[in-house]
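# Structure assessment
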Amino acid sequence: KLETLFNDFPGLFEWQRPKGGCVAFPKYTGPDGVEAFCKSLLKDSGVLLLPASVYKSELLDTPVDNFRIGFGRGAVFAEGLEAMRSHLETHYGEFRR
């Protein structure tokens, strides 16, 4: 279902399914950058995504405009995904396929 969400908003995300595990690091390609996107998503919808800046390190370059999203089974993830979809439809409807 996460993949469907990203596919429904192709102008906002570059997404590749992880080869294993339950964490992905998609790139946000929409307006205003990932920091603003993550802040508005949390403020308006209660969904917490962690932008790449949280993982800043002196050892490696930090990817620009990526964010971390954990996914899995269960009602909590499904609720968060629905809240994220609602936020995207409300604020980024012009990017919907």
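Just above, that's the structure.
Anyway, here's the lowdown on the structure attached to this text. (Residues numbered from 1 in each chain as written. Predicted model: local features only at pLDDT ≥ 70, side-chain atom pairs only at ≥ 80, totals over all residues. Heavy atoms only, no water.)

## Side note on helix 3 (residues 75-91)
Filter applied, for reference: Under the scheme used here, helices are H or I runs from DSSP no shorter than 4 residues and strands are E runs no shorter than 2 residues, and both carry numbers assigned from the N terminus. Each residue after the first adds 1.5 Å to the expected span of a helix. Buried residues are those whose accessible area, probed at 1.4 Å on protein chains only, stays under 20% of the maximum for their type, while exposed residues exceed 50% and partly exposed ones sit between those limits. Arc definition: directions from the helix axis to the C-beta atoms. In what follows, residue pairs with any heavy atoms lying within 4.5 Å of each other are defined as contacts.
Under the 1.5 Å per step criterion, the end-to-end length of helix 3 is 24 Å for 17 residues, consistent within 8% with the ideal 24 Å. The set of residues buried in helix 3 consists of Leu81, Met84, Arg85, His87 and Leu88. All buried residues of helix 3 project into a common sector of 160° when viewed along the axis, lining one side. Away from the buried face of helix 3 by more than 90 degrees, exposed residues Ala75, Val76, Glu79, Glu82 and Thr90 are located. Of the surrounding elements, those touching the buried residues of helix 3 are helix 1 (2-8), strand 1 (13-14), helix 2 (33-45) and strand 5 (67-70).

## Focus: the side chain of Asn66
Note the threshold: What qualifies as a polar contact is a pair of N or O atoms within 3.5 Å, subject to a donor-acceptor requirement within protein and to the restriction that residues adjacent in sequence count only when both atoms come from side chains.
Examined against the element boundaries, Asn66 turns out to sit in the loop between strand 4 (50-51) and strand 5. A polar contact of 2.9 Å, which involves the side chain of Asn66, links it to the backbone oxygen of Phe25. Leaving out residues up to four positions away in the same chain, Asn66 has contacts with Phe25, Pro26, Lys27, Val34, Pro51 and Ala52.

## Notes on the packing of aromatic side chains
Our working rule: Ring geometry is summarised as follows: Phe, Tyr and Trp rings, the Trp one being its six-membered ring, pair when their centres sit within 6.5 Å, and such pairs are stacked at plane angles under 30 degrees, edge-to-face over 60 and tilted between the two.
Within the structure shown, the criterion is met by eleven aromatic pairs. Both rings, one in Phe6 and one in Phe13, keep their centres 4.8 Å apart while their planes meet at 55°; by these two values the pair is tilted. For the pair Phe6 and Phe13, one class covers both residues: buried. By the ring-pair criterion, three or more aromatic residues cluster together here, those being Phe6, Phe13, Trp15, Tyr28, Phe37, Phe67, Tyr92 and Phe95.

## A word on the pattern of salt bridges
For clarity, the cut-off: Here, a salt bridge means any Lys or Arg side-chain nitrogen found within 4 Å of an Asp or Glu carboxyl oxygen.
Under the defined criterion, the tally for this structure stands at six salt bridges. For Arg85, the salt bridge goes to Asp8, with nearest N and O atoms at 2.9 Å. Of this pair, Arg85 sits in helix 3 while Asp8 sits in helix 1, placing them 77 residues apart in sequence. A relative accessible area of 17% means that Asp8 is categorised as buried.

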